[in-house]
Amino acid sequence: MAKKRKDGRLQKKFTFKGKTYFVYGHNAKELFNAEVKKREELEQGFEKRDNPTVSEYYDRWIAAKEGKVKEATLWRNRKIFAVVSEIRIESAKRSFGEMKIKEVSIDDLRKIQTLLLEERKSITVNDYMAHVKHFMGDALKERIIDYNPCVLLDNVKRTEERARDTYHRALTIEEQQTFFNCDRCKSSYYNNIFRLAVNTGMRLGEIGALKNSDIRKDTIYIERTITRTDSGAYIIGEDAKTEAGRRAIPMNEQIKAIISEQKEINRLINGKVVSMNDLLFKAPEGGLLMATPADREIKRICKKVDIEPFTMHALRATFATRAIESGMNPKTLQEILGHSSFNITMSLYGHALADTKKAEMDAIAIII
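Residues take numbers from 1 onward in each chain, read along the sequence in its written order. Where totals are concerned, whole chains, interfaces and linings use all residues; where local detail is concerned, this predicted model gives features only for residues with pLDDT of at least 70, and gives and counts side-chain atom pairs only at 80 or more. The side-chain quantities take in all heavy atoms of the structure and omit both hydrogens and water.

S.K.: How do you make sense of the overall build of the protein chain when you look at a structure like this?
M.R.: Scanning the protein chain for helices and strands turns up 14 helices and ten strands. Only protein chains enter the accessibility calculation, which uses a 1.4 Å probe. A residue is then buried if its area is under 20% of the maximum for its type, exposed if over 50%, and partly exposed in between. For the protein chain, with 368 residues in total, the buried portion stands at 41%. Put simply, 58% of the contacts in the protein chain that link residues at least 6 apart link residues at least 24 apart. Each accessible area is a Shrake-Rupley estimate made with a 1.4 Å probe; only the visible protein chains count as cover when residues are assessed. A total of about 21,700 Å² of accessible surface is found on the protein chain, and carbon and sulfur atoms cover 51% of it. For helices the rule is a DSSP run of H or I covering at least 4 residues; for strands it is a run of E covering at least 2, with both sets numbered from the N terminus onward. Only heavy atoms enter the contact rule, under which two residues are in contact if any of them lie within 4.5 Å.

As structure tokens, then:
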């Protein structure tokens, strides 16, 4: 029943999903059209809120993470979802992102898994599907869905060699000596970067974020790292990769020599003593250090000396392995590497400790 207001317009109230709404119009036709439009808007809003597509739910799910996780994590997660959401599910005749989240079945997820495997490694596919499991699990907690089909999804069996056994591997002593004694390595712009990484276990992002002011009292203080913003741009972050990543690394004579040499190079390049806030290591063109150019330079040197290519991360693994072989306490190694837990250190480098234990046991001769 319409009611006339003091301003001359008609007012009508109606209920939708148990709530009362009002519409207004100058005549019966306007009032009718206003109610139809309002009901459509409410229906669409209700549908989007309580029965969203996968993409609609993901957009508000990831938006809720802003400010709670690192921007680099948000950027990576959005990149993963952009790939997964575009995969077409033929049985639904639309992409995964366009499907209603309540309609997603285990068969759909297995299809996505299979299609991803055609172009990606098993470990990458498992990472992608783990992200799907994460937001689908939260959709269940929010009661957007009544059942999470991801609980039936098994990980893909790893078929490739582990990165830590190939391009992320710890170098043998022979490989290490061959690489660093090569003239191409000695003359490389990245030489001091390579040497610092293998002598400290620092990540490339930490080396690239190192300021002159972070070197004091014969100690390297790691306070920050190069990271990515939500938009994918590289910046110097305000903190380290993790809380444990903020750490102090005492400098031995070899590390001191590397730092001193780099400071002199920077002085010659700039024609003056650089300020305390200046970065100690930069890319050849003066910007932030990036992994891809550094890894590309390593590959060139490896080709020159005929050893299997590796990455910057392999120099971190090499430091850890040499440290254990030299008798460093694994707990001390954990702190120097900036691992958040002892288990991480042991899962990555425990094999080196096992080899060292065997050598030490072989050296024992107990007379009985």
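S.K.: How should I be thinking about helix α6 (residues 173-180) in this particular structure?
M.R.: Each α-helix winds once per 3.6 residues, and so residues spaced three or four apart point in a common direction. Where α6 is concerned, the buried positions are Glu175, Phe179 and Phe180. End-on, the buried residues of α6 take up no more than an arc of 115 degrees, which puts them together on one face. Summarising the contacts, the buried residues of α6 are in contact with α7 (183-186), α8 (191-200), α11 (291-305) and α12 (312-325). Working note: the arc is built from the helix axis to C-beta atom directions.

S.K.: Is there a simple way to think about the sheet that holds strand β10 (residues 247-250) in this case?
M.R.: DSSP calls a pair of strands paired once it identifies at least 2 bridges connecting them. Read across the sheet, three strands follow the order β6-β7-β10 without closing on themselves; strand pairing throughout is antiparallel. Sheet topology places β6 (215-216) and β10 at the edges, where each strand pairs with a single neighbour. In this sheet, strand β7 (residues 219-222) lies alongside β6 in antiparallel orientation, the contact comprising two bridges. Its bridge partner lying in β7, Ile215 is registered against Ile220.

S.K.: Where do I start with the pairing of strand β3 (residues 19-25) in this structure?
M.R.: Remark: a regular strand shows side chains that alternate across the two faces of the sheet. Sheet topology places strand β2 (residues 10-16) next to β3; seven bridges connect them, and they run antiparallel. Each bridged residue has a counterpart across the sheet, and for Phe16 the counterpart in β3 is Lys19. Here β2 folds back onto β3, and the loop between the two strands holds two residues, one of which, Lys17, carries a positive phi near 55 degrees.

S.K.: Would you explain the environment of Glu35 in this entry?
M.R.: Within the secondary structure, Glu35 is located in helix α1 (residues 28-50). You can call Glu35 buried: its relative accessible area is 10%. Taking the C-alpha atoms as reference points, Glu35 and Lys12, separated by 23 residues in sequence, lie 8.3 Å from one another. Once residues within four sequence positions are removed from consideration, Glu35 is found in contact with Lys12, Phe14 and Val23. At 2.7 Å, the side chain of Glu35 and the side chain of Lys12 are in polar contact. Identification of polar contacts relies on pairs of N or O atoms within 3.5 Å, with a donor-acceptor requirement for protein atoms, meaning one able to donate a hydrogen and the other able to accept it, and with residues adjacent in sequence counted only if both atoms are side-chain atoms.

S.K.: Any chance you could explain the packing of aromatic side chains here in plain terms?
M.R.: The relation between two aromatic rings is expressed through the spacing of the ring centres and the mutual angle of the planes. Centres within 6.5 Å make a pair out of two Phe, Tyr or Trp rings, where for Trp the six-membered ring is used; the pair is then stacked when the planes are under 30 degrees apart, edge-to-face when over 60, and tilted otherwise. Tallying each qualifying case throughout the model produces ten aromatic pairs. Ring centres of Tyr58 and Phe135 lie 5.2 Å apart, and the angle between their planes is 75 degrees; on these two criteria the pair is classed as edge-to-face. A residue pair is termed long-range when its members are at least 10 positions apart, and Tyr58 in helix α2 (residues 54-63) and Phe135 in helix α5 (residues 122-141) qualify at 77 residues. What makes Tyr58 buried here is its relative accessible area of 2%. Ring plane angle 55 degrees and centroid distance 6.0 Å describe the contact between Trp61 and Phe135, whose orientation is recorded as tilted. Linking Trp61 in helix α2 with Phe135 in helix α5, this pair joins segments that are 74 residues apart in sequence. According to the relative accessible area criterion, Trp61 is buried, its value standing at 5%. Using a relative accessible area of 0% as the deciding quantity, one classes Phe135 as buried. When the ring centre of Tyr221 is taken as origin, the NZ or CZ atom of Arg216, which lies over that ring, is 4.2 Å away. The rule is short: NZ of Lys or CZ of Arg within 6 Å of the ring centre and within 35 degrees of the ring normal puts a charge over the ring. Here Arg228 stacks its cationic end above the ring of Trp75, 3.7 Å away from the centre of that ring.

S.K.: Just checking my understanding: could you explain α12 for this structure?
M.R.: Here, expected helix span is obtained from the residue count minus one, scaled by 1.5 Å. Compared with the 20 Å implied by 1.5 Å per residue over 14 residues, the 20 Å span of α12 between its first and last C-alpha is a close match. Burial within α12 is extensive, with twelve of its 14 residues counted as buried. Every buried residue of α12 is accounted for by Met312, Ala314, Leu315, Arg316, Ala317, Thr318, Phe319, Ala320, Thr321, Arg322, Ala323 and Ile324. With its phi angle positive at about 100 degrees, Gly327 sits one or two positions after the end of α12.

S.K.: Would you explain a nonpolar patch on the surface in this entry?
M.R.: For patches, a residue must show more than 30% relative accessible area and have no salt bridge; joins then use 9 Å for like charges and 5 Å for nonpolar side chains, namely Val, Leu, Ile, Met, Phe, Trp and Tyr. Any Lys or Arg side-chain nitrogen found within 4 Å of a carboxyl oxygen on Asp or Glu counts as a salt bridge. Together, Tyr147, Val151 and Leu152 make up a nonpolar patch on the protein surface, roughly 320 Å² of accessible area in all. Mapped onto the fold, Tyr147 is located in the loop between α5 and α6.

S.K.: How should the packing of α2 against α5 be read in this particular structure?
M.R.: Angles run from 0 to 180 degrees between N-to-C directions of axes, and those axes are lines fitted to C-alpha atoms, restricted for helices to the stretch in contact. Relative orientation of the contacting elements α2 and α5 amounts to 85 degrees, with a least axis distance of 11 Å. By the criterion of interaxial angle, the relationship of α2 to α5 is roughly perpendicular. Contacts from Val54, Tyr57, Tyr58 and Trp61 in α2 reach His131, His134, Phe135, Asp138 and Ala139 in α5. When residues are grouped by polarity, Ala, Val, Leu, Ile, Met, Phe, Trp, Tyr, Cys and Pro land in nonpolar, Asp, Glu, Lys and Arg in charged, and all others, Gly among them, in polar. Each residue belonging to the contact of α2 with α5 can be placed in one class, and the counts come to six nonpolar, two polar and one charged. Roughly parallel covers angles under 35 degrees, roughly antiparallel covers those over 145, roughly perpendicular covers 65 to 115, and oblique covers all other angles.

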